[in-house]
Amino acid sequence: VGEDSAAFQLGEQKLTSWLYFTGILGVVLFALDVLWIDPSTGFGTAFIDAVSSLSESHEVVMLILIVIFALFHSGMASFRDAGEQLIGERAYRVLFAGISLPLAVSTIVYFINHRYDGMQLWQLQSVRGIHEFVWFLSFISFFFLYPSTFNLLEVAAVDKPKMHLWETGIMRITRHPQMVGQVIWCLAHMLWIGNSVAVAASLGLIGHHLFGVWNGDRRLASRYGEAFDLLKHRTSIIPFAAILDGRQKLPKEYYKEFIRLPYLTITALTLGAYFVHPLMQSSSFQLHW
């Protein structure tokens, strides 16, 4: 069996580690604002202007932004082993986040600002029950999208970042939860918005995550060899496939693998994100990206 995901023992936590995490998070957000987001000091506006100058089509610009993000994000993930040997695990994580985070913010803000600028392909927002259905899909998607919350201290490089061989919790359902979550999120937003910009963004994001499926398995196979082959046999890319054909045996009281702090945190943050949607939109509009 692979590693137990989302395991969090309060008694094993060090106060100093979480103080470091809080400090690092504050510094990262401050640097992101000054060096990228703030139009008077950051490079984000110039970056968006440069990409936007390549085409008058919002769909094309949306795809270009996703491709740029994907090249850096997946490219740096592919060179992780070599990079960590060269500069160390923590330094490489900082470099990875320092490049990926600004590009992700730019792509998200551009999508928010231009999500209704494309050609309307269908209009279902007035259909009874569609809002609730889209909300449910979006809510579920975040349980798949963020397995990185299994260890926030590694994400912030407080703990030494590792490449894990997770198998419990959401991993029993699918070996690639981020891809599944992204597909669900994209389908929900395409259904709700129903225009060409939403379709272009969704196709780009899904394509990037499908590549991540191949790339992720390749990297795990290179790192873990036979151990990954055994885990690969017991899990599946398609949700529930390994469970249905008997390769993945669910333990008794399987639901308890989800009653853990990381999953509870995802629940709280997802609900919070829904209620602060208006604030997110108004903040994005102020950037004029």
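Predicted, not measured: the structure shown is a model, and the values here were computed from it.

1. A closer look at the packing of helix α2 (residues 44–52) against helix α3 (residues 58–78)
(1) Moving on: It is at 9 Å that the axes of α2 and α3 come closest, and there the two elements cross at 125°. The angle between the axes of α2 and α3 places the two elements in the oblique class. Viewed along their axes, α2 and α3 form a crossing whose handedness is right-handed. Contact residues: α2 offers F47, I48, V51 and S52, while α3 offers V61, I64, L65 and I68.
(2) Moving on: Across the contact of α2 with α3, the residue classes break down as seven nonpolar, one polar and no charged.

2. A closer look at the pattern of salt bridges
(1) Moving on: Tallied over the entire structure, the rule returns nine salt bridges.
(2) Moving on: One salt bridge in this structure joins E167 and R234, with 3.0 Å as the shortest N-O distance. Separated by 67 residues along the polypeptide, E167 in the loop between α7 (152–155) and α8 (170–173) and R234 in helix α11 (residues 226–234) bring together distant segments of the chain.
(3) Moving on: Looking at E167, the relative accessible area reads 2%, which means it is buried.
(4) Moving on: A salt bridge links R172 to E257, with the shortest nitrogen-to-oxygen separation between them at 2.9 Å. A residue pair is termed long-range when its members are at least 10 positions apart, and R172 in helix α8 and E257 in the loop between α12 (241–244) and α13 (261–275) qualify at 85 residues.
(5) Moving on: The buried category is assigned to R172, whose relative accessible area is 9%.

3. Here we look at the UniProt feature "transmembrane region" (unreviewed entry) in the protein chain
(1) Moving on: Per the UniProt record, "transmembrane region" (unreviewed entry) is found at residues 18–37, 60–79, 91–113, 133–158, 179–206 and 258–276.
(2) Moving on: Helix makes up 95% of residues 60–79 and strand 0%, with an end-to-end C-alpha separation of 28 Å.
(3) Moving on: The annotated region residues 258–276 carries 79% helix and 0% strand content, and the separation between its end C-alpha atoms amounts to 25 Å.

4. Considerations on the environment of E253
(1) Moving on: Relative to the helices and strands, E253 is located in the loop between α12 and α13.
(2) Moving on: Within the structure, E253 has its side chain in polar contact with the side chain of K256 (distance 2.9 Å).

5. Examining the packing of aromatic side chains
(1) Moving on: Using the criterion set out here, one finds ten aromatic pairs in the structure.
(2) Moving on: Measuring from centroid to centroid gives 5.4 Å for Y254 and F258, while their planes differ by 85°, and the two rings are edge-to-face.
(3) Moving on: Taken together, W135, F139, F143, Y274 and F275 form an aromatic cluster joined through their ring pairs.

6. Regarding the side chain of S55
(1) Moving on: By the element assignment, S55 lies in the loop between α2 and α3.
(2) Moving on: What S55 contacts, discounting residues up to four positions off in sequence, is V60 and V61.

7. Comments concerning the nonpolar core
(1) Moving on: Core analysis: the biggest nonpolar cluster contains 27 residues, and F47, L65 and W289 have the highest contact counts within it.
(2) Moving on: Listing elements by their share of this core, those giving two or more residues are α1 (15–37), α2, α3, α5 (89–114), α9 (177–193) and α10 (196–224).
(3) Moving on: Here the element with the most residues in this core is α5; it accounts for six residues.
(4) Moving on: Excluding anything up to four places from it in sequence, W289 contacts W36, I37, G44, T45, I48, V105, S106, V109, Y110, N113 and H114.
(5) Moving on: By size, the runner-up hydrophobic cluster in this structure holds 20 residues, among which are F139, I170, M171 and V180.

8. Section: the packing of α13 against helix α14 (residues 277–287)
Helix-helix packing is characterised by the crossing angle of the two axes and by the distance between the axes.
(1) Moving on: Their axes nearest at 4 Å, the elements α13 and α14 cross at an angle of 60°. Compared by their axis directions, α13 and α14 come out oblique. Contacts between α13 and α14 pair A273, Y274 and F275 from the former with H277, P278 and M280 from the latter.
(2) Moving on: For the contact of α13 with α14, the residue count by class is five nonpolar, one polar and no charged.

9. Some thoughts on α13
One full turn of an α-helix is made of 3.6 residues, so residues set three or four places apart face in the same direction.
(1) Moving on: An ideal rise of 1.5 Å per residue puts 21 Å on 15 residues; α13 measures up with 21 Å between its terminal C-alpha atoms.
(2) Moving on: Those residues of α13 that sit buried are P262, Y263, I266 and T270. Each buried residue of α13 lies within a common arc of 95° when the element is viewed along its axis, so the set occupies one face.
(3) Moving on: Where α13 is buried, its residues touch α6 (130–145) and α8.

10. Focus: the layout of surface pockets
(1) Moving on: When its volume is computed, the second largest pocket comes out at roughly 380 Å³.
(2) Moving on: Residue lining of the second largest pocket: 20 residues in total, with A7, F8, Q13, F150 and N151 positioned closest to the centre.
(3) Moving on: Mapped onto the lining of the second largest pocket, the elements with two or more residues apiece are α7 and α13.

11. Observations regarding the environment of G207
(1) Moving on: When you line up the elements, G207 lands in helix α10.
(2) Moving on: With 28 residues separating them in the primary sequence, G207 and M179 have C-alpha atoms 9.4 Å apart.

Conventions we followed
- Residues numbered from 1 in each chain as written.
- Predicted model: local features only at pLDDT ≥ 70, side-chain atom pairs only at ≥ 80, totals over all residues.
- Heavy atoms only, no water.
- Axes fitted to C-alpha atoms, helices over the stretch in contact; angles between N-to-C directions.
- Helix = DSSP H or I, 4+ residues; strand = E, 2+ residues; numbered from the N terminus.
- Parallel < 35°, antiparallel > 145°, perpendicular 65-115°, else oblique.
- Left-handed = near helix turned anticlockwise from the far one by under 90°.
- Contact = heavy atoms within 4.5 Å.
- Nonpolar A, V, L, I, M, F, W, Y, C, P; charged D, E, K, R; others polar.
- Salt bridge = Lys/Arg side-chain N within 4 Å of Asp/Glu carboxyl O.
- Buried < 20%, exposed > 50% of the residue type's maximum accessible area, 1.4 Å probe, protein only.
- UniProt positions renumbered as here; feature names shortened; annotations may be inferred.
- Polar contact = N/O pair within 3.5 Å; in protein donor to acceptor, adjacent residues only side chain to side chain.
- Phe/Tyr/Trp six-rings, centres within 6.5 Å; stacked < 30°, edge-to-face > 60°.
- Core = buried A, V, L, I, M, F, W, Y, C linked by side-chain atoms within 4.5 Å.
- Expected span 1.5 Å × (residues − 1).
- Arc of directions from axis to C-beta.
- 1 Å grid on protein atoms, 1.4 Å probe; cavity = no way out; pocket = protein on both sides within 12 Å on 5 of 7 lines; lining within 4 Å.
- Points joined across faces, edges and corners; volume = space filled by probe spheres on them.

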